[in-house]
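A structural walkthrough
One-letter residues, chain by chain:
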Amino acid sequence: MAQTIDFTLPFGYQTDEKTYRKGKMHLATTGDELAIQETDEAGMNTRYRDILLMTKVIDELDGIKPVTAEIIKELYEPDFIYLQLLYRQLNGDNASTIKTRCPKCQAISEVKLADLYKDMSMYKKEE
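Below you will find a few notes about this structure. (Residues numbered from 1 in each chain as written. Predicted model: local features only at pLDDT ≥ 70, side-chain atom pairs only at ≥ 80, totals over all residues. Heavy atoms only, no water.)

1. Some points on the nonpolar core
For clarity, the cut-off: Put simply, a nonpolar core is a bunch of buried Ala, Val, Leu, Ile, Met, Phe, Trp, Tyr and Cys residues held in one set by side-chain atoms that sit within 4.5 Å of each other. Burial classification: accessible surface area is computed with a 1.4 Å probe over protein chains only, and a residue below 20% of its type maximum counts as buried, one above 50% as exposed, and the rest as partly exposed. Helix and strand definitions follow DSSP, with helices as H or I runs of at least four residues and strands as E runs of at least two, each counted in order from the N terminus. Only heavy atoms enter the contact rule, under which two residues are in contact if any of them lie within 4.5 Å.
Phe7, Met25, Met54, Ile58, Leu61, Ile72 and Leu83 are the most contacted members of the largest nonpolar core, which totals 27 residues. Contributing elements (two or more residues each) for this core: strand 1 (4–14), strand 2 (19–26), helix 2 (46–57), strand 3 (58–61), helix 3 (69–73) and helix 4 (77–90). In contact with methionine 54, other than residues within four places in its own chain, are Met25, Ile72, Phe80, Leu83, Gln84 and Tyr87.

Right, dumping it as structure tokens:
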């Protein structure tokens with residue numbers, strides 16, 4: 001079985017009945033990459049290519065299997081960016097961290113890009 005990572009989307013995929021936030025993503029295989037290369041929809045549109053790639057590497061989203069392009073298209077932008085960063089981190093992109101300086105104390109910290117959207121609770125509406 002391929003290496004997998006659990007994730008929680010900042011906002012989640014929302015339907016009338018439920019918000020789906022927890023999922024699993026696996027390490028991409030050559031087959032995942034080839035499958036999207038062969039689709040006419042991907043063409044030169046890198047954004048759509050990324051949507052299709054997410055459908056190949058996301059194994060489930062709170063029990064939804066398979067995760068389709070239509071579902072990915074309905075995600076809020078911070079969720080999609082989060083998934084792209086997580087994909088890059090899982091698949092060995094070494095540039096997945098940034099250095100930042102605190103404006104008050106001037107301390108320098110290194111932050112994983114995938115962690116930028118980890119706690120979005122301040123943006124959540126009260127249900």
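Past the structure itself, the notes keep going.
2. Points about the pairing of strand 2
The following threshold applies: The pairing criterion for strands is at least two bridges between them, as found by DSSP.
Looking at chain direction, strand 1 and strand 2 are connected through seven bridges and run antiparallel. From the neighbouring strand, isoleucine 5 faces strand 2, where its bridge partner is methionine 25. Following strand 1, the chain reverses through four residues before pairing antiparallel with strand 2. Strand direction decides the pairing type here: strand 2 and strand 3, joined by three bridges, are antiparallel. Paired with methionine 25 across the bridge in strand 3 is isoleucine 58.

3. A short note on the packing of aromatic side chains
Two descriptors summarise a pair of aromatic rings, namely the distance from one centre to the other and the angle between the planes of the rings. Defined as follows: Two rings belonging to Phe, Tyr or Trp (six-membered ring only in the last case) form a pair when the distance between their centres is within 6.5 Å. Interplanar angles under 30 degrees mark stacking, angles over 60 mark edge-to-face geometry, and anything in between is tilted.
Counted according to the given criterion, the structure contains two aromatic pairs. Ring centres 5.9 Å apart and planes at 35 degrees place the aromatic pair tyrosine 13 and tyrosine 20 in the tilted group. Exposure class is identical for tyrosine 13 and tyrosine 20. Each is buried.

4. Focus: the pattern of salt bridges
Rules: Here, a salt bridge means any side-chain nitrogen of Lys or Arg that lies within 4 Å of a carboxyl oxygen of Asp or Glu.
Here the structure, examined in full by the defined rule, presents four salt bridges. When the shortest N-O distance is used, the salt bridge between lysine 24 and aspartate 6 registers 2.6 Å. A residue pair is termed long-range when its members are at least 10 positions apart, and lysine 24 in strand 2 and aspartate 6 in strand 1 qualify at 18 residues. We classify lysine 24 as partly exposed; its relative accessible area is 33%. The shortest N-O distance in the salt bridge between arginine 47 and glutamate 77 comes to 2.6 Å. With arginine 47 in helix 2 and glutamate 77 in helix 4, this residue pair connects regions lying 30 residues apart in the sequence. Classification of glutamate 77 by relative accessible area gives partly exposed; the value is 37%. Among the ionic contacts, a cluster of salt bridges with common partners joins Glu33, Arg49 and Asp50.

5. Focus on helix 4
Here is the rule: A helix is expected to reach a length of 1.5 Å times the quantity of its residues less one.
The first and last C-alpha atoms of helix 4 sit 20 Å apart over 14 residues, in line with the 20 Å expected at 1.5 Å per residue. Turning to helix 4, its buried residues number three or more, namely Asp79, Phe80, Tyr82, Leu83, Gln84, Leu85, Leu86, Tyr87 and Leu90. The inward-facing, buried residues of helix 4 abut strand 1, strand 2, helix 1 (30–37), helix 2, strand 3 and helix 3. At the exit of helix 4 stands glycine 92, carrying a positive phi of roughly 90 degrees.

None of this, on its own, says anything about what the molecule does.
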